[in-house]
Amino acid sequence: MKRCWLGLVLLLAALLPGMVQAQSVTASAPEDQTSCIAPAQPEGGFDLTCRVITEALNATAILPRPMQRSFLPGGVGAVAFNAMTGPRAAEAGTLVAFSEGTIYNLVRGSFGDHDIGDVRWLAQVAQDYGAIVVRADAPWADLPALLATARDNPQSVAFGGGGTIGGQDWMRAAMTAELSGIDRRKLRFVAFEGAGSCTEALLAGFVQACMNDVGDTRTAMDAGKPLRILAAFAPQRLPGALSDIPTAREQGLALDWPVMRGVYMGAQVSEQDFALWQTRLERVMASPEYAQILRRYHLQPQPLTGAALRDEILGMAQDARDRLARLGTP
């Protein structure tokens, strides 16, 4: 009997710290510890979103303690999404970066048995645009030259992007091919975890072009990466430091691709905590510090919360369904 009691005491001693820790994580208020999770490798679009969020919140001193930035890569956002619908669903201090690619992946079932209603969409903090990116020393002077090479010899040009076939980067590449008279079934597409990984492969010569975005690419260029943006998928040239980037439209490719930069929270976050974060972000996005940070990271201001954000996400989901059906992808 004594041995039985001793075993029980030892078992409780081993379990108790973990139980206390789990309870504190679930019940912690936003003021205690806050973080923005980028669900991919560093230097891509998700990382850029979290940089904007953390720097803007910290610059305006809205939080009692500085927000931290962390990474949870896997499945182009699937690992983080599963965490925030499972064991971390009630974390009141955790925001997770998302883009329209997240919505595309949910629509096509890439996140397993999940749908759009499984998390709480908090805010769009900025807008970006898709881009076709090559190395600075690439032989193509413009987008038509690159597409001419891909048309004449499809196997000589490998396009990289985040996600697999059916994902938003593949879809962008497939629609570019389709509009350029290239058989998309012959398109070489190499899947990566995100834009940061594709950029590394591009610089190493494993792919010839990346279907990245304007903001993260220009930010990488500011940091010294030898890259060149052949085209932005924007309806007209972007302002300021981005005005030297030609659009795909002006080069004969009628395709626009706005990119949402936003954050969501776990499904079990309380109404009070969710409303508190919405108020915080609305205050931040109206601040001059936020405007300066957006300019530094080459993003466009388009703040959305509440019903306007939900409507935008539902519209993206329908666009994804329509495009997937038209392209005949699973």
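As a reminder, the structure under discussion sits directly above these lines.
Structure report, in brief.

What counts and what doesn't
- Residues numbered from 1 in each chain as written.
- Predicted model: local features only at pLDDT ≥ 70, side-chain atom pairs only at ≥ 80, totals over all residues.
- Heavy atoms only, no water.
- Axes fitted to C-alpha atoms, helices over the stretch in contact; angles between N-to-C directions.
- Helix = DSSP H or I, 4+ residues; strand = E, 2+ residues; numbered from the N terminus.
- Left-handed = near helix turned anticlockwise from the far one by under 90°.
- Contact = heavy atoms within 4.5 Å.
- Nonpolar A, V, L, I, M, F, W, Y, C, P; charged D, E, K, R; others polar.
- Disulfide = S-S within 2.5 Å.
- Buried < 20%, exposed > 50% of the residue type's maximum accessible area, 1.4 Å probe, protein only.
- Pairing = 2+ DSSP bridges.
- Salt bridge = Lys/Arg side-chain N within 4 Å of Asp/Glu carboxyl O.

**Digging into the packing of helix α2 (residues 45-60) against helix α10 (residues 288-296)**
Relative to each other, α2 and α10 sit at 150°, their axes nearing to 9 Å. Crossing geometry of α2 relative to α10 is assigned as right-handed. Of the residues in α10, those touching α2 at V52, E55, A56, A59 and T60 are E289, Y290, I293, L294 and R296. Each residue belonging to the contact of α2 with α10 can be placed in one class, and the counts come to six nonpolar, one polar and three charged.

**Details of the state of the cysteines**
The term disulfide refers to a covalent linkage connecting the sulfur atoms of a pair of cysteines. With the rule as written, the count across this model stands at two disulfides. Between C36 and C50 runs a disulfide, and the two sulfur atoms are separated by 2.1 Å. Taking the sign of the S-S torsion, about -75° here, the bridge from C36 to C50 comes out left-handed. In this pair, C36 sits in strand β1 (residues 35-38) while C50 sits in helix α2, placing the two residues 14 residues apart along the sequence. In this pair, the class of C36 matches that of C50, namely buried. At a sulfur-sulfur separation of 2.1 Å, the disulfide partner of C198 is C210. Across the disulfide from C198 to C210, rotation about the S-S bond amounts to roughly -105°, and the bridge is consequently left-handed. With C198 in helix α7 (residues 195-204) and C210 in strand β8 (residues 209-210), this pair connects stretches of sequence that are twelve residues apart. For the pair C198 and C210, a shared accessibility class is recorded, and that class is buried. Counting only the cysteines that take part in disulfides, in the order they occur along the protein chain, gives the pairing 1-2, 3-4.

**Digging into the sheet that holds strand β2 (residues 68-71)**
Taken in spatial order, the six strands line up as β2-β1-β3-β10-β4-β11 in an open sheet, and their pairing is mixed. In this open sheet, the two edge strands, each paired with only one partner strand, are β2 and β11 (304-305). As paired elements, strand β3 (residues 94-98) and strand β10 (residues 258-265) share three bridges and run antiparallel to each other. Its bridge partner being in β10, V96 is matched across the sheet by Y264. Contacts from helix α9 (residues 271-284) reach β3, β4 (120-129), β10 and β11 within the one sheet, and its direction differs from that of β4 by about 25°.

**Things to note about the pairing of strand β5 (residues 131-135)**
Burial runs high along β5: four of the five residues are buried. By the bridge criterion, five bridges tie β5 to strand β9 (residues 227-232) in an arrangement that is antiparallel. Bridge assignment links A131 to a residue of β9, and that residue is A232.

**As for the pattern of salt bridges**
Taken as a whole and judged by the stated rule, the model has 17 salt bridges. For E91, the salt bridge identified is with R88, shortest N-O distance 2.9 Å. The class of E91 is buried, set by a relative accessible area of 9%. A relative accessible area of 26% means that R88 is categorised as partly exposed. Here R218 makes a salt bridge to D244, at a shortest N to O gap of 3.3 Å. With R218 in helix α8 (residues 214-222) and D244 in the loop between β9 and β10, this residue pair connects regions lying 26 residues apart in the sequence. When salt bridges that share partners are traced, they join D128, D169, R172, D213, D216 and R261 into one network.

**What to know about the environment of G196**
Among the structural elements, G196 can be located in helix α7. Take G196: its relative accessible area is 5%, and that puts it in the buried class. Residues G196 and F46, spaced 150 residues apart in sequence, show a C-alpha to C-alpha distance of 9.6 Å. If sequence neighbours within four positions are ignored, G196 has contacts with P42, E43 and G44.

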